[in-house]
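Descriptive analysis of the structure
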Amino acid sequence: GEDVEQSLFLSVREGDSSVINCTYTDSSSTYLYWYKQEPGAGLQLLTYIFSNMDMKQDQRLTVLLNKKDKHLSLRIADTQTGDSAIYFCAEIPSRQNFVFGPGTRLSVLP
Amino acid sequence: GAVVSQHPSRVICKSGTSVKIECRSLDFQATTMFWYRQFPKQSLMLMATSNEGSKATYEQGVEKDKFLINHASLTLSTLTVTSAHPEDSSFYICSARDGFNQPQHFGDGTRLSIL
């Protein structure tokens, strides 16, 4: 079956870079997504990457995709306290719906 | 763009009450809508998938008579928790997309508390 894995916790100091990692299982997934969930809120789409890309950059966010290893990462440059949240990666296995990872809780320390 | 509005954001009611939650796509047509449940400090659990004009597809273990889903238009889906009990207390989140490989856009969630 499909399984998306993430580490559950990450702590960084304000101003440092954060790197959140994700592994997925279905190599046929066309798109891979990163969502952010702040306390008591729904999920906000942060960015996504098409499977034939290696990297996508959007302001402070950089997504790296290693399709051979089925590894996805999200790098947040100059992490701020407002970046504290839970980050979910998600894939769409062939002809199926989204599969979400368990979420990584990012804590930004002053 | 791609805004999903979920209402109400919070419901507190007595055991035995039925509660309806609405999910609207405000600026796109949602061919598919999803309903999730999220327990504290856990990931999302998909409850059901609904396509406009057809019956919802429920995930294993989700009671379709307990969680009634209606997706009558391309912009509106409703989830009704019938005869709610304290164990139904949870955070319910809807999402919508306008194509198979398109991103899901999420509502802000409804916190349901059953006393």
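Look up: the structure comes first, before these words.
Let me sum up the structure you'll find in this document. (Residues numbered from 1 in each chain as written. Chains lettered and ligands numbered in written order. Predicted model: local features only at pLDDT ≥ 70, side-chain atom pairs only at ≥ 80, totals over all residues. Heavy atoms only, no water.)

All right, on to the environment of A:Cys22 then. Residue and element names in this part refer to chain A. Among the structural elements, Cys-22 can be located in strand β3 (residues 18-23). Linking Cys-22 and Gly-82, residues 60 residues apart in sequence, is a C-alpha distance of 22 Å. Each residue touching Cys-22, except ones within four places of it in the same chain, is listed here: Val-4, Glu-5, Gln-6, Trp-34, Lys-70, His-71, Leu-72 and Cys-89. (Helix = DSSP H or I, 4+ residues; strand = E, 2+ residues; numbered from the N terminus. Contact = heavy atoms within 4.5 Å.)

Turning our attention to the state of the cysteines. One pass over the structure, following the stated rule, counts 2 disulfides over all chains. Across the disulfide, A:Cys22 is cross-linked to A:Cys89 (sulfur-sulfur distance 1.9 Å). Disulfide A:Cys22-A:Cys89: the torsion about the S-S bond is 65 degrees, which places it as right-handed. Of this pair, A:Cys22 sits in strand β3 while A:Cys89 sits in strand β9 (residues 85-91), and the two are 67 residues apart along the sequence. By relative accessible area, which is 1% here, A:Cys89 ends up buried. A sulfur-sulfur separation of 2.0 Å characterises the disulfide bridge that pairs B:Cys23 with B:Cys94. Since a negative S-S torsion denotes a left-handed disulfide, the B:Cys23-B:Cys94 link at about 80 degrees is right-handed. Of the two residues, B:Cys23 sits in strand β3 (residues 19-25) while B:Cys94 sits in strand β9 (residues 90-97), which places them 71 residues apart along the sequence. (Disulfide = S-S within 2.5 Å. Buried < 20%, exposed > 50% of the residue type's maximum accessible area, 1.4 Å probe, protein only.)

All names here are of chain B. Along β9, 8 of the 8 residues are buried, which leaves the element largely enclosed by surrounding structure. Both faces of β9 are covered, namely the face carrying Ser-90, Tyr-92, Cys-94 and Ala-96 and the face carrying Phe-91, Ile-93, Ser-95 and Arg-97. Bridge analysis of strand β4 (residues 32-38) against β9 gives 7 bridges, and the strand direction is antiparallel. In the strand pairing of β9, Met-33 is matched with Ala-96. Two strands pair when backbone bridges link them, and β9 and strand β11 (residues 110-114) are joined in this way by 3 bridges, in the antiparallel orientation. Along β11, the bridge assignment pairs Phe-91 with Arg-111. (Pairing = 2+ DSSP bridges.)

Another point: the interface of chain A and chain B. At the junction of the two partners, chain A supplies 21 residues and chain B supplies 20 residues. Taken over both partners, the interface formed by chain A and chain B buries close to 1500 Å², and the fraction arising from carbon and sulfur atoms is 58%. Of all residues in chain A, the largest losses of buried area upon contact with chain B belong to A:Leu43, A:Asn97 and A:Phe100, amounting jointly to 28% of the total for that side. One can count 0 salt bridges joining chain A with chain B. The tally of links between chain A and chain B comes to 4 residue pairs in polar contact (both at pLDDT 80 or more). Contributing elements (two or more residues each) for the side of chain A that touches chain B: β4 (31-37) and β5 (43-50) of chain A. By residue number, the principal contributor to the side of chain A that touches chain B is β4(A), which donates 4 residues. Partitioned by chemical class, the residues of the side of chain A that touches chain B number 12 nonpolar, 7 polar and 2 charged. (Buried area = accessible area lost by both parts, 1.4 Å probe. Salt bridge = Lys/Arg side-chain N within 4 Å of Asp/Glu carboxyl O. Polar contact = N/O pair within 3.5 Å; in protein donor to acceptor, adjacent residues only side chain to side chain. Nonpolar A, V, L, I, M, F, W, Y, C, P; charged D, E, K, R; others polar.)

Quick look at the environment of B:Phe28 now. All names here are of chain B. Mapped onto the secondary structure, Phe-28 falls in the loop between β3 and β4. Overall, the relative accessible area of 12% leaves Phe-28 in the buried class. In this structure the C-alpha to C-alpha distance between Phe-28 and Asp-98, which are 70 residues apart in sequence, comes to 7.1 Å. When sequence neighbours within four positions are dropped, the list of residues in contact with Phe-28 reads Ala-2, Val-3, Val-4, Leu-74, Thr-75, Ala-96, Arg-97, Asp-98 and His-105.

Everything listed here is a matter of coordinates, which is why it stays silent on function.
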